[in-house]
Structure formats: C-alpha cells, structure tokens
Amino acid sequence: MQLGMVGLGRMGSNMVRRLMRAGHDCVVYDHLPGPGKELEKEGATPADSLESFISKLSKPRRVWVMVPAGAPTEEAITNLANLMEPGDVIIDGGNSYYKDDIRRAEELQVKLINFVDCGTSGGVWGLERGYCLMVGGEQDVVRQLYPILRALAPGVGTIARTPGRESIDSTAEEGFLHCGPVGSGHFVKMVHNGIEYGLMQAYAEGFEIFRKANLPCLPENRRYDLDIADIAEVWRRGSVVGSWLLDLTASALAGDPDLDNYSGYVEDSGEGRWTVQAALEEAVPAEVLSAALYTRFRSREVSPFSDKLLSAMRHSFGGHIELKPAPAKK
C-alpha cells in the first residue's frame, strides 16, 4: 500500500523505515527538510510542502500524522483537511486526547474525510521490535489499513499463545487491535500510559528501598549493601515482576549504577493526567495511578513551599527544629 507520513521525528521516521522494509510505498513530509532527505536515500518519496505531499499520493489518500499532541496535531490535521478529498483517510498516531478525536472526526465528516485514531506504543525501539497499535474508527475504514497496521505491529513472533485464545479470532496476537469507534484507540493508549506511570513508580520506589538498606540509622545486623544493578538483572530471569520496563531498568543501572547522568526531574506528557481525569468521571478509585502522577509533579520541585510550611507548622505547635538535609553523596 501507499501511505503518507507527516512528521518525521524519531518515531515517524522509523515507522516509515519499517513500512518500507515490508514493501510499502511511503511519501513523507516534515517542516524540516533534513529527515525527508535522509529517508529519500532509503526509498521514500519526500515532499517540500503539504501541497506537494498531497499531490504525490494516489486516491484514496491515506495520511498518518505523527507530530506532538495538541496544537501541532490540530494544525496539521486542519491543513491536511483543506487539501484532501472525500474518501481520503487521516490517521492520528500521536498521543492525542480521545475527546479531541471525537471532535475532529465530526469536523472531517462534513467533508466526507475519514478519521482514524491510533495509539502507538514502541518508542525508539519500534523499528526493530514493532509497534503496539490501538486503533479507533469505523470498521470498514480501519480494515482498509490492515496491511499498514500489520507491517508496523510486531506480529505473533515467538510469544506463546495465551491459553484459551485458540478459537478467538482477533488481531490482538499480532500486536494491533481495532478497539472500537473513533476515540477508543487513544482512550486505550491513554490508560496504557497511566498504568505505565504506576509500574515505573513501583520499580522506582522498590529500588530506592534497596539503595537505602545500609543507612546508619538501621541496626547494624539489618544493613545490606545491595548491588541494585545485579538485582535488576536477576529479576529479569524468571521473576514474576519481569517486564520490558525492568529490562530497560537493568540496562540503565548496568551503565550508570548511581544514575549520575539523570537529574530526577520527571515530565508527564498528558496521558497520566487524562487517565486520572477519566477515573474521576467514572468514579473509579485509581490510587496508584494518581499517586504516580503526583510524584512526577513533586520531582520538579526543590524545597517546595508546601514542605517549608509543614516545617513551620511543626515548629509553631511543638517547637520542633528541622535538621538541614545532608549534602548529596557523590
């Protein structure tokens, strides 16, 4: 099939490469000329404007938008819609808010342009590992994209079949899934990322406990000088808490056991907040996911005002004098 890709960052470029490896024809555009020229060397057809990009695509056109969520996605889809025709398809593969998908689909429907939302997980490793794809849209439109989705997804590979699924007809085992109508793909990806926050926080807290197991305040016979890089590695070998996140953790600790190359400042890209908001709307108690999100907020503050106020209150009602924190060990 032919696919147009708008947005040639790390994920967009690698998705184009994976598609071309599978024999698909890719027309590419980015606001910067460099990525398109690089992909041209590998067989892609670059365009230097959206108008040129659209002209190089055969009808019905299928365009995948892979740009940052929010204003860049809004602008890209609006500009594309002004150039495309009835029957064409726009796929948003970024991390858009699912409610925006519903609005955009309704706006595009007026022009008879089809809209598909696709939550995409795989990051910089997707070129080799494949991408887990969570898709929302009209069934007939999504089915037309199956050749593209199959090429991007990991495929069945060597993972053993889940017992009980032998008679279930689903593409889930291939690594992509049509989740439901417009918005459902990004909704599933949103909760996926909220869960990711919680898993990451659980590993982080556990390894922090290991790291401080030899503090002087502990009884001497209960102090342990643990090699946390080795612990991460042994857990990868048959442990029930094994995961790809743990694989990445082990790799990071092997190269930098004290994590001196990291500041501890942790961003959130939106999905965690939206997951907590959805939990509130549905009255679902999501204590772990909420706490993981708030911890990311906390990571960005040094001596926050709230902590100073706590110290002031303790001093006021009990005369407690807080100790100055010890300098961080090098």
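Everything below is about the structure shown above.
If you're wondering where the values come from, they're calculated on a predicted model, not measured in any experiment.

A. Looking closely at the nonpolar core. Within the largest apolar cluster, 30 residues are counted, with the highest numbers of intra-cluster contacts made by Met-5, Val-16, Trp-64 and Leu-149. The set of elements that each furnish at least two residues to this core consists of strand E1 (2-6), helix H1 (10-21), strand E2 (25-29), strand E5 (89-92), strand E6 (114-121), strand E7 (132-136), helix H7 (139-144) and helix H8 (146-152). The element contributing the most residues to this core is H8, with five residues. Among the nonpolar cores identified, the runner-up in size contains 21 residues, and Tyr-29, Ile-90, Leu-108 and Ile-113 belong to it.

B. Structural context of a nonpolar patch on the surface. Side chains of Phe-305, Leu-309, Leu-310, Met-313 and Phe-317 sit close together on the surface and give an oily, nonpolar patch of about 580 Å² of accessible area. Tracing the sequence through the fold places Leu-309 in helix H14 (residues 305-318).

C. Inspection of the sheet that holds E2 at higher detail. Strand order in the open sheet made by the eight strands is E3-E2-E1-E4-E5-E6-E7-E8, with mixed pairing throughout. For this open sheet the edge positions go to strand E3 (45-46) and strand E8 (176-180), each flanked by a neighbour on one side alone. Taken together, the two bridges between E2 and E3 define a ladder with parallel strand orientation. Bridge pairing in E3 places Val-27 opposite Thr-45. Contacting E1, strand E4 (62-65), E5 and E6, helix H4 (residues 71-81) runs over the sheet at an angle of about 175° to E5. Packing against the sheet, helix H9 (residues 184-211) makes contact with E5, E6, E7 and E8, and its axis sits at approximately 20° to E6.

D. Representation of the pattern of salt bridges. Under the definition given, this model contains 23 salt bridges. Of the charged contacts, one joins Glu-281 and Lys-99 as a salt bridge, the two residues approaching to 2.8 Å between their closest N and O atoms. Here the residue Glu-281 occupies a position in helix H12 (residues 271-281), and Lys-99 occupies one in helix H5 (residues 98-109), the gap between them amounting to 182 residues. Put simply, Lys-212 and Glu-208 hold a salt bridge, and the shortest N to O gap is 3.0 Å. With a relative accessible area of 36%, Glu-208 lands in the partly exposed category. A cluster of three or more residues bridged by salt bridges with shared partners is formed by Glu-74, Asp-92, Asp-100, Arg-103, Arg-104 and Glu-107.

E. Up close: helix H13 (residues 287-299). Its 13 residues place the ends of H13 18 Å apart at the C-alpha level, agreeing with the 18 Å of an ideal helix rising 1.5 Å per residue. Taken together, the buried positions of H13 are occupied by Leu-289, Ser-290, Ala-292, Leu-293 and Arg-296. Along the axis of H13, the buried residues cluster in a sector spanning 160°; they form a single face. Facing away from the buried surface of H13 by more than 90 degrees, the exposed residues are Glu-287 and Val-288. Looking at the buried positions of H13, the neighbouring elements they touch are H9 and H12.

F. Here's a closer look at the pairing of E7. Within E7, four of the five residues are buried, which leaves it mostly tucked inside the rest of the structure. Pairing analysis gives five bridges linking E6 to E7, with the strands arranged antiparallel. Residue pairing for E7: Thr-120 is matched across the bridge by Leu-133. Relative to E8, E7 runs parallel, the two sharing four bridges. Along E8, the bridge assignment pairs Val-135 with His-178.

G. Focus on the packing of H9 against helix H10 (residues 228-235). Two numbers describe how H9 lies on H10: the axes approach to 10 Å, and their chain directions differ by 135°. Of the possible angle classes, the one that applies to H9 and H10 is oblique. Judged by the twist between their axes, the crossing of H9 over H10 is right-handed. Contact residues: Phe-207, Phe-210 and Arg-211 in H9; Ile-228, Ile-231, Ala-232 and Trp-235 in H10. Each residue belonging to the contact of H9 with H10 can be placed in one class, and the counts come to six nonpolar, no polar and one charged.

H. Molecular detail of the side chain of Asp-88. Positionally, Asp-88 belongs in the loop between H4 and E5. Of note is the side chain of Asp-88, whose polar atom sits 2.8 Å from the side chain of Arg-61. Apart from residues lying up to four places away in sequence, Asp-88 is in contact with Pro-60, Arg-61, Ile-113 and Asn-114.

Rules used throughout
As a convention, each chain's residues are numbered from 1 in the sequence order in which they are written. Residues qualify for local features only when their pLDDT is at least 70, as the model is predicted, and side-chain atom pairs are given and counted only at 80 or more; totals for whole chains, interfaces and linings, by contrast, use all residues. Side-chain descriptors were evaluated using all non-hydrogen atoms of the structure, hydrogens and water having been removed beforehand. The definition of a nonpolar core used throughout is a set of buried Ala, Val, Leu, Ile, Met, Phe, Trp, Tyr and Cys residues joined through side-chain atoms within 4.5 Å. Categorising residues by exposure relies on relative accessible area from a 1.4 Å probe, with only protein chains included: less than 20% of the type maximum marks a residue as buried, more than 50% marks it as exposed, and the intermediate range marks it as partly exposed. Only DSSP runs of H or I covering at least 4 residues are called helices, and only runs of E covering at least 2 are called strands; the numbering of each starts at the N terminus. A residue counts toward a patch only above 30% relative accessible area and without a salt bridge, and it is joined to like-charged neighbours within 9 Å or, for Val, Leu, Ile, Met, Phe, Trp and Tyr, to nonpolar neighbours within 5 Å. A 1.4 Å probe and the Shrake-Rupley method give the accessible areas. Residues count as covered only by the protein chains that appear here. Each salt bridge in this description consists of a side-chain nitrogen of Lys or Arg and a carboxyl oxygen of Asp or Glu lying within 4 Å of one another. Paired strands, in this sense, are two strands between which DSSP finds at least two bridges. Every residue pair with non-hydrogen atoms within 4.5 Å of one another is taken to be in contact. In this description, a line fitted to the C-alpha atoms serves as the axis of each element, helices being fitted only across the stretch in contact, and the angle between N-to-C directions of two axes falls anywhere from 0 to 180 degrees. The span expected for a helix works out to 1.5 Å for each residue beyond the first. This arc is taken over the directions from the axis of the helix to the C-beta atoms. By the definition adopted for this analysis, an angle is roughly parallel if under 35 degrees, roughly antiparallel if over 145, roughly perpendicular if from 65 to 115, and oblique otherwise. For any pair of crossing helices, the crossing counts as left-handed if the nearer helix is rotated counterclockwise from the farther one by less than a right angle, and right-handed if it is rotated clockwise. When residues are sorted by character, Ala, Val, Leu, Ile, Met, Phe, Trp, Tyr, Cys and Pro go into the nonpolar class, Asp, Glu, Lys and Arg into the charged class, and all the rest, Gly among them, into the polar class. We define a polar contact as two N or O atoms separated by no more than 3.5 Å, with the added condition that, inside protein, one atom must be a possible hydrogen donor and the other a possible acceptor, whereas residues neighbouring each other in sequence contribute only through side-chain atom pairs.

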